[in-house]
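Summary of structural features
For reference, the chains in residue letters:
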Amino acid sequence: MGTIKAVFDYTLREHLRHKVWLGCALFGLVMVASALLASALARDERARVMLDLGLAANEAIALVSVVFLTVHLILQEVESRAVFLILTHPVKRSNYLLGRFLGTLAAVGLGMGAMGLAHWALLRLLGWPVEGSYLLAWSCSLAKIAIMGALSLFLSLALTSEAAAMSFSVFFWMLGHFSAEMRFLAQKSGNALLGAAITAFSHAAPDFAHFNYRDAWHAGVPDPGWALAAAVYALAYCGACLALAAQVFDQKEF
Amino acid sequence: MRPLAAAAAFAAAALASGAAMSARAREFPSLSELPATPFTLQDASLASFGLRAAAADLAWVQMLQYVGASLPGLPADRPGRPYDHLLTLALRVARLDPSFHRSYLYAAGILGWFRGVDRPEEAVALLQEGIRRDPGEPLYALYLAALAYKQKGETDRMIALLESAFEDPRTPSQMKTILANARKARGEYAQALALWERILETPRDQAQHARARLQIAQLKRLMHPASPLPSPPR
Amino acid sequence: MNALSFKHVGKMYRRSHLGRVSETVGLDGLDLDVRQGEVFGLLGLNGSGKTTAIKLLMGLHLPTKGAVSVLGRSVPDIEILARIGYAPEAAYLNRSLTGRENLRLFAALSRLPATGREERVTDMLKDVGLAHAADKRLSEYSKGMLQRASLAQALIHDPELIVMDEPVTGLDPLAIKEVRALILWLKGKGKTVLFSSHDISEVEKVCDRIGILSGGRLARVMAQDEWRGKPDALEDAFAASVKRTDGVGEIRLG
């Protein structure tokens, strides 16, 4: 636990000294622009458009940050050989990975929190009603970002090329939002083997289609059972990716 | 535990919880159900990046643009057939996000009640789609009933029914203006004035506030001919 | 008692590119024992296997055959790393952290108890002459300062065995003198020191014994009395023991 915390601390500090806050500044600009656009164009639905665009911008900026950071997270330390010194201390490689991952997630989460707070405050300031749970929508976005972080980390170690890892991460992000479509396609395919293959693929990709409270927000309050299952799903999917990353990392020589 | 064994255990937990999650989640219409428009690629791209609600918002803004003037990329309406593409554009919003209630009601309001449009069958089709997607939404049935009264010429009952939903937050401001204008056209200035005043008091109807001020002044002049003319909205 | 031992250790590097597999010998049946409390120097040309031997010792590489043991335990073993200090040939430290933060990190990773850890960090910074720059980021450090920070992390947990890879390469004469003094001070405290070097003159000044590596094998082991007071004895033994593996021929004059 102590070593995870030590790695977590330095990772968080490292990120906060580098790039994450640039994302927040960018978000500020996007949000102001979207607020202006929303009030000019959306008529009765200004609040809805402002809410959707704000949450979407928050998630998009967090996605770019988390994929970029996690893909470089270990490879850069291998490149700079900083990993030599860490791993020549009594640190389990899996603990090192976990500490690095959690530190990165915390940095991105802090950025998302700041963005979310600014967005929510702006909505309140404008007097636009926010019906539904902003916190739940924000938490779902954070969980999606955690899943993507764990997945990109695994891909960066399994593929070794940063460009390939980033491309596959974006591919999985899109595939994840198509999981419902893929299962629909599997049902309609008429070929049992093809159907099974598509279904298996849809389960291997993260199921973001059923996770996206941000998109389902306007449909009303979700079933509490859904929220619980979604939380377990996020933890389990992250756990599986991190365990696979640890398996690959254990085999590596430096 | 070895990493591979841990990965297998986590994967099993993800499969089980994923099944429970998807069984309880709200399903969206398949993207293949989107009506064919020049904007299909835009919609599919946004949806595939997890921005379905934002895609619906953009489709809503484009629909407003179409209603207000014209929408670049869309073929022009046939001569004498205004709002030729409105049903398609409204269905596009609805199928991107079936819970976009105001979009159904707004488009149905134009198709069913706008002077010179006269497409009640399209309004009915749209509202029926709304009921199919969201059977618990009472306003769709209420609008269908109001349309039926309109078809039968029972204007009093139609107005009374629509006014019962006047304060509902989902009622589009444009529908409220239709109602106020209907009162005015019937010479019911006091009732029309009351409706415009309610529009002016509702922050959500801000898009109609300038128009409401103008109408209130006009109605006051009609009711009391000595009152001064208002300055036009800036 | 031996502090570390290599028994018939082989290390083969396999690289695969476009379906073609190439193999390079890192170590080829290395047998070597280093006694507790001695200063042992590994001498050899580039590619002779010095760094490979050290990386096997530190668990950064895994042997293809044979066994390595350190302080009575087979490696790789995370627990044993708490008793070893490692200073690589360059300071592979995180440049976005300060000197103090870096040292704090390695103190935590080395499992130093939390109580007294901060004092130990402060003392160590003083010991290596970095007290004045403790709160500066490493990106502002000179090469000499980085080398000191690297030594500090290797010694922060008071290890029994100190492993240094090319500790004097690239240092100025004053810094070389300081490293020499440090090695002798560690020996005085009963620590075992293993270091690798190209520099024969440096090795003969501080080592109790040396091992000459050539082509991944131990070509010769010499004790201090074999070179002390005998000018050029070590250089002659080295020249006789090694053969070039880099494909470069001898310089022939006249």
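Summary of the structure given here. Note that the structure is predicted; figures quoted are calculated from it, not measured.

Counting its regular elements, chain A contains 11 helices and 0 strands. Of the regular secondary structure in chain A, the N- to C-terminal order runs α-α-α-α-α-α-α-α-α-α-α. Rg of the C-alpha trace for chain A: 20 Å, near the compact-globule value of 18 Å for 254 residues, within the 12% margin. Taken along its principal axes, the extent of the C-alpha atoms in chain A is 60 × 55 × 35 Å. The burial tally for chain A puts 57% of its 254 residues in the buried class. Residue pairs in contact within chain A that sit at least 24 positions apart in sequence constitute 82% of those at least 6 positions apart. Considering chain A, the positive charge centre built from 17 side chains and the negative charge centre built from 16 side chains are found 4 Å apart.

Next up on the list: the arrangement of the chains. With 2 pairs of chains in contact, the largest contact count belongs to chains A and B. Spatially, chain B is disjoint from chain C: no contact exists, and the shortest C-alpha separation is 16 Å.

Listed by partner, the interface residues are 48 residues for chain A and 48 residues for chain B. Summing the contributions of chain A and of chain B, the shared interface buries around 3900 Å²; its carbon and sulfur component is 62%. For the chain A face of the interface with chain B, the top three residues by lost area are Arg43, Asp44 and Asp215 of chain A, together amounting to 17%. The tally of links from chain A across to chain B stands at 4 salt bridges. The salt bridge involving Asp97 of chain B is made with Arg48 of chain A; its shortest N-O contact spans 2.8 Å. Listed by contribution, the elements that provide at least two residues to the side of chain A that touches chain B are helix H3 (46-79), helix H7 (162-177), helix H8 (179-188), helix H10 (213-216) and helix H11 (224-250) of chain A. Among the elements that line the side of chain A that touches chain B, the one with the most residues is H11 of chain A, at 15 residues. Taken together, the residues of the side of chain A that touches chain B break down into 26 nonpolar, 8 polar and 14 charged.

For the rest of this paragraph, the subject is the interface of chain C and chain A. With 29 residues of chain C in contact, the opposing surface of chain A contributes 25 residues. By the criterion of area lost to chain A, the three top residues of chain C are Leu60, Tyr92 and Leu109 of chain C, representing 29% of everything that side buries. Summed over the shared surface of chain C and chain A, the number is 4 salt bridges. Here Arg13 of chain A makes a salt bridge to Glu101 of chain C, at a shortest N to O gap of 3.3 Å. Between the two partners, chain C and chain A, sit 12 residue pairs in polar contact (both at pLDDT 80 or more).

Take the packing of H3 of chain A against H7 of chain A next. Residue and element names in this part refer to chain A. Interaxial distance between H3 and H7 falls to 10 Å at its minimum, and their mutual angle equals 145°. In the packing of H3 onto H7, the handedness of the crossing is right-handed. Along the contact surface, H3 presents Glu59, Leu63, Val67, Phe68, Val71, His72 and Leu75, while H7 presents Glu162, Ala165, Met166, Ser169 and Trp173. Here the residues of the contact of H3 with H7 are counted per class, giving 8 nonpolar, 2 polar and 2 charged.

Residues and elements named next belong to chain C. Strand order across the open sheet formed by 6 strands is E6-E7-E8-E3-E9-E10, with mixed pairing between neighbours. A single partner strand is all that each edge strand has here, and the edge strands are strand E6 (84-87) and strand E10 (217-223). This sheet shows a mean twist of 15° between the axes of neighbouring strands, independent of strand direction. Note that strand E9 (residues 209-214) and E10 share 6 bridges and pair antiparallel. Bridging from a neighbouring strand, Ile212 pairs with Arg220 of E10. Taken strand by strand, helix H4 (residues 143-155) contacts E6 and strand E7 (161-165), and its axis lies near 165° from that of E6.

About the criteria used
Residues numbered from 1 in each chain as written. Chains lettered and ligands numbered in written order. Predicted model: local features only at pLDDT ≥ 70, side-chain atom pairs only at ≥ 80, totals over all residues. Heavy atoms only, no water. Helix = DSSP H or I, 4+ residues; strand = E, 2+ residues; numbered from the N terminus. Rg over C-alpha atoms; globule rule 2.2 N^0.38 Å. Buried < 20%, exposed > 50% of the residue type's maximum accessible area, 1.4 Å probe, protein only. Contact = heavy atoms within 4.5 Å. Lys, Arg positive; Asp, Glu negative; His and termini not counted. Charge placed at Lys NZ, Arg CZ, Asp CG, Glu CD. Buried area = accessible area lost by both parts, 1.4 Å probe. Salt bridge = Lys/Arg side-chain N within 4 Å of Asp/Glu carboxyl O. Nonpolar A, V, L, I, M, F, W, Y, C, P; charged D, E, K, R; others polar. Polar contact = N/O pair within 3.5 Å; in protein donor to acceptor, adjacent residues only side chain to side chain. Axes fitted to C-alpha atoms, helices over the stretch in contact; angles between N-to-C directions. Left-handed = near helix turned anticlockwise from the far one by under 90°. Pairing = 2+ DSSP bridges.

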